[in-house]
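Listed here are the chains, written in short residue letters.
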Amino acid sequence: MRIIVCENYEEVSKKAAQMILSQVTLKPNSVLGLATGSTPIGMYENLVSLNKKGDIDFSEVRTFNLDEYYNLPKENDQSYHYFMYKNLFDHININPENIHIPNGMTDDVDAECERYDELIKEAGGVDIQVLGIGNNAHIGFNEPTINFEKGTHLVQLEDSTIEANSRFFDNIEDVPKKAITMGVGSIFKSKKIMLVATGENKAEAIYNTVYGKVVPEVPASILQFHSDIVLILDKEAAKFL
Ligand code: GLP
């Protein structure tokens, strides 16, 4: 595990964007695994401005998002579809056909999960997976549980996750209780992983990820076994390391 501790959020965002820039420069048709949540927003802003300046070209890039709320229409401003277009896709030269996000409105969850895993496989796997981390060390929407899930699947969100994410909704009852997420196995299969975390409320999850026992109750702990992973943290998130 490589750990980079930055002064602040701006530096984290810049470093993370630079890693994507190197990836896409080396391989223009890279497969990027993308994440939502507030932490990567700064990284997306940097990518948008690099793209505007002509420094990064997304025309051949393919993307797969980690997760989507279940039963929340794409048009809802809290859906991860909406988030990704607003923060990235609407502002870069990506081919819309190369954008993949799980369909949370599916009426056949198993078929949708299978379809998503198949698409990732057909694309040759994810070259670099961007991750945030939940306060309970969840990655994507893989909540603490009793076994690591392999592929894309439907999950029941933990109360603490619903509460954490309620800050974006008008009231807590509006937060979806389920989501479709790539599995820990799918994440682990990515050739490279870059996890971004900032703020003191992530410090314990980061400590457990780096030094804790590798157990499914701390989903991110499995990342200790990955051969090419970098954690980009600010000082607050790194404070127990
Ligand atoms: C959600 C997403 C995760 C993200 C987490 C943390 O639960 N499914 O992918 O890592 O939020 O979000 P934030 O960066 O806002 O703390």
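Because the structure is predicted, anything quoted here is derived from the model rather than measured.

Novice: Please explain the site of the ligand as it appears in this structure.
Specialist: Near the ligand, the surroundings consist of 14 residues, among which Ala35, Gly37, Ser38, Thr39 and Gly132 are the closest. Partitioning the shell around the ligand into residue classes produces four nonpolar, nine polar and one charged.

Novice: I tried to follow the pairing of strand β6 (residues 128-131) on my own but got confused; where do I start?
Specialist: Consecutive side chains of a regular strand alternate in pointing toward one face of the sheet and then the other. Because side chains alternate across β6, one face comprises the buried residues Ile128 and Val130, and the other comprises Gln129 and Leu131, equally buried. Pairing of strand β2 (residues 31-34) with β6, which is carried by two bridges, proceeds in the parallel orientation. Each residue of the ladder has a partner; that of Gly33, found in β6, is Gln129. Pairing of β6 with strand β9 (residues 192-197), which is carried by four bridges, proceeds in the parallel orientation. The partner of Gln129 across the bridge, within β9, is Ile193.

Novice: I keep staring at the sheet that holds strand β4 (residues 67-69) and nothing clicks. Help me out?
Specialist: In a beta sheet, neighbouring strands are held together by backbone hydrogen bonds and run either parallel or antiparallel to one another. Spatial strand order, β4-β8-β7: three strands in an open sheet with antiparallel pairing. Taken across any chain shown, the strands that pair with only one partner, and hence form the sheet edges, are β4 and β7 (153-156). Across the sheet, the axes of successive neighbouring strands diverge by a mean angle of 25°, strand direction being ignored. Direction of pairing for β4 relative to strand β8 (residues 178-181): antiparallel, over a ladder of three bridges. Paired with Glu68 across the bridge in β8 is Ile180.

Calculation rules
Residues numbered from 1 in each chain as written. Predicted model: local features only at pLDDT ≥ 70, side-chain atom pairs only at ≥ 80, totals over all residues. Near = placed C-beta within 6 Å. Nonpolar A, V, L, I, M, F, W, Y, C, P; charged D, E, K, R; others polar. Buried ≥ 20, exposed ≤ 12 C-beta atoms within 10 Å, placed from the backbone. Helix = DSSP H or I, 4+ residues; strand = E, 2+ residues; numbered from the N terminus. Pairing = 2+ DSSP bridges. Axes fitted to C-alpha atoms, helices over the stretch in contact; angles between N-to-C directions.

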